[in-house]
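In case you want the letters, here they are:
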Amino acid sequence: MHSDEELINLTAEYVKNLLSGEGSGHDWWHIQRVWNNAKSIAAHEQADIFIVELAALLHDIGDHKFHNGDETVGPRMAREWLEKHEVKNETIDLVCAIISELSFKGAGTTSAMSSLEGCIVQDADRLDAIGAIGIARTFAYGGHKGREMYNPNIPPVLHDSFEAYKNSAGPTLNHFYEKLLLLQDRMHTTTAKRIAAERHQYMEEFVNRFLAEWDGRL
Ligand code: ADP
Ligand code: NI
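Scoring rules and cut-offs
Residues numbered from 1 in each chain as written. Chains lettered and ligands numbered in written order. Predicted model: local features only at pLDDT ≥ 70, side-chain atom pairs only at ≥ 80, totals over all residues. Heavy atoms only, no water. 1 Å grid on protein atoms, 1.4 Å probe; cavity = no way out; pocket = protein on both sides within 12 Å on 5 of 7 lines; lining within 4 Å. Points joined across faces, edges and corners; volume = space filled by probe spheres on them. Helix = DSSP H or I, 4+ residues; strand = E, 2+ residues; numbered from the N terminus. Nonpolar A, V, L, I, M, F, W, Y, C, P; charged D, E, K, R; others polar. Patch = residues over 30% accessible without salt bridge, like charges linked within 9 Å, V, L, I, M, F, W, Y side chains within 5 Å. Areas by Shrake-Rupley, 256 points an atom, 1.4 Å probe, with all protein chains shown as cover. Salt bridge = Lys/Arg side-chain N within 4 Å of Asp/Glu carboxyl O. Lys, Arg positive; Asp, Glu negative; His and termini not counted. Charge placed at Lys NZ, Arg CZ, Asp CG, Glu CD. Near = heavy atom within 4 Å. Polar contact = N/O pair within 3.5 Å; in protein donor to acceptor, adjacent residues only side chain to side chain. Expected span 1.5 Å × (residues − 1). Buried < 20%, exposed > 50% of the residue type's maximum accessible area, 1.4 Å probe, protein only. Donors = N, O, S within 2.8 Å, 3.2 Å for Na, K, Ca; no water. Tetrahedral: all angles 85-135°; square planar, octahedral: opposite > 155°, others 65-115°.

S.K.: Got a minute to help me understand the layout of surface pockets in this structure?
M.R.: One water molecule sets the probe size; rolling that probe over the atoms shows where empty space is left. In this model, the largest pocket occupies a volume close to 1,000 Å³. Along the walls of the largest pocket sit 47 residues, with H26, D63, H64, K65 and Y165 positioned nearest its centre. Looking at the lining of the largest pocket, the elements with two or more residues in it are helix 4 (73-84), helix 5 (89-101), helix 6 (116-127), helix 7 (131-144), helix 8 (162-167) and helix 9 (174-178). When its residues are assigned to classes, the lining of the largest pocket shows 12 nonpolar, 20 polar and 15 charged. Computed from the structure, the second largest pocket encloses a volume of approximately 230 Å³. Around the second largest pocket, the lining comprises 15 residues; the ones closest to its centre are D4, F50, V87, K88 and T91. Looking at the lining of the second largest pocket, the elements that each hand over two or more residues are helix 1 (4-19), helix 3 (49-58) and helix 5. The greatest single-element share of the lining of the second largest pocket, amounting to 3 residues, is contributed by helix 5. Residues of the lining of the second largest pocket, tallied by class, amount to 6 nonpolar, 4 polar and 5 charged.

Here's what the structure looks like:
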């Protein structure tokens, strides 16, 4: 049996080995930022920090985007890892529930979190999807998928199911309307809402300038 601190460190090493060097914005550095965001948010909440840290570290190890849309891979890999280290079942269940609930599922869908710890990790993950880093990650992902940056003839779609959202392959700028600019209003904690407001404003300005330059207005 490991102490909580030892298990967190071992888990960080495990995830770092799995995701280092990944090129679509879902790499180890993303995990490290989400882990830090989650700790900062949790400092203002009455949450179980062990659960928050484990879920933040393990939340993207089997992302559906890289497993043919299969959402069960991530929670399954996390469970295997935690079972191997003899973590209490109750803890494993909570962490795996957070991982399976976390993902954005489309503009017209809701993704309710069943625990405060889950709200914190979802806020932490979403903060890394917006602002300067959010913009960079989004174009990195689009490039990774070989998509056009922008195409004025293809309008954004507000997906009303997770299936439709997962299958979308539109130009990268559409992702701002389909997800990124919607996140500010979907934050749970006061801390994340405050940070999101600033990042949102920055992203709006980016999109406006992008379109103005595209049209030769700037
Ligand atoms: P979640 O982290 O909530 O599961 P996603 O997996 O949809 O959310 O997206 C994570 C990040 O991957 C996004 O914030 C974005 O940077 C990038 N991404 C996902 N889908 C797209 C897309 N269609 N176009 C551009 N970037 C995307
Ligand atoms: Ni993530």
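S.K.: Help me understand a negative patch on the surface in this model?
M.R.: Together, D4, E5, E6 and D48 make up a negatively charged patch on the protein surface. Locating E5 in the fold gives a position in helix 1.

S.K.: Help me understand the site of ligand 1, please; the structure alone is not making it clear to me.
M.R.: Taken together, the neighbourhood of ligand 1 is formed by 14 residues, with K65, S103, F104, Y165 and K179 sitting nearest. The contact in question runs from an oxygen atom of ligand 1 to an N or O atom on the side chain of H26, over 3.4 Å. Within the side chain of R147, one N or O atom sits 3.2 Å away from a nitrogen atom of ligand 1. For ligand 1, whose accessible area on its own is 540 Å², the fraction buried by protein is 95%. In terms of residue count, the dominant contributor to the shell around ligand 1 is helix 7 (3 residues).

S.K.: I tried to follow helix 5 on my own but got confused; where do I start?
M.R.: Every α-helix carries 3.6 residues per turn, so stepping three or four residues along brings you back to the same face. In this model helix 5 runs 18 Å from its N-terminal to its C-terminal C-alpha over 13 residues, within 8% of the 18 Å that 1.5 Å per residue would give. All buried positions along helix 5 are accounted for by T91, I92, V95, C96, I98, I99 and E101.

S.K.: How do you make sense of the coordination of the nickel ion (ligand 2) when you look at a structure like this?
M.R.: For a metal with four donors in a tetrahedral arrangement, the ideal angle between donors is 109.5 degrees, while six donors in an octahedron ideally sit at 90 or 180 degrees. Those protein atoms acting as donors to the nickel ion (ligand 2) are H30 (NE2), H59 (NE2), D60 (OD) and D125 (OD), and they sit at 2.1 to 2.3 Å. Here the nickel ion (ligand 2) is ringed by 4 donor atoms whose angles at the metal span 85 to 176°, and the overall shape comes out irregular. Each donor residue of the nickel ion (ligand 2) belongs to the same chain, and together they define the spacing H-x28-H-D-x64-D. The exposure classification of H59 matches that of D60, with both residues buried.

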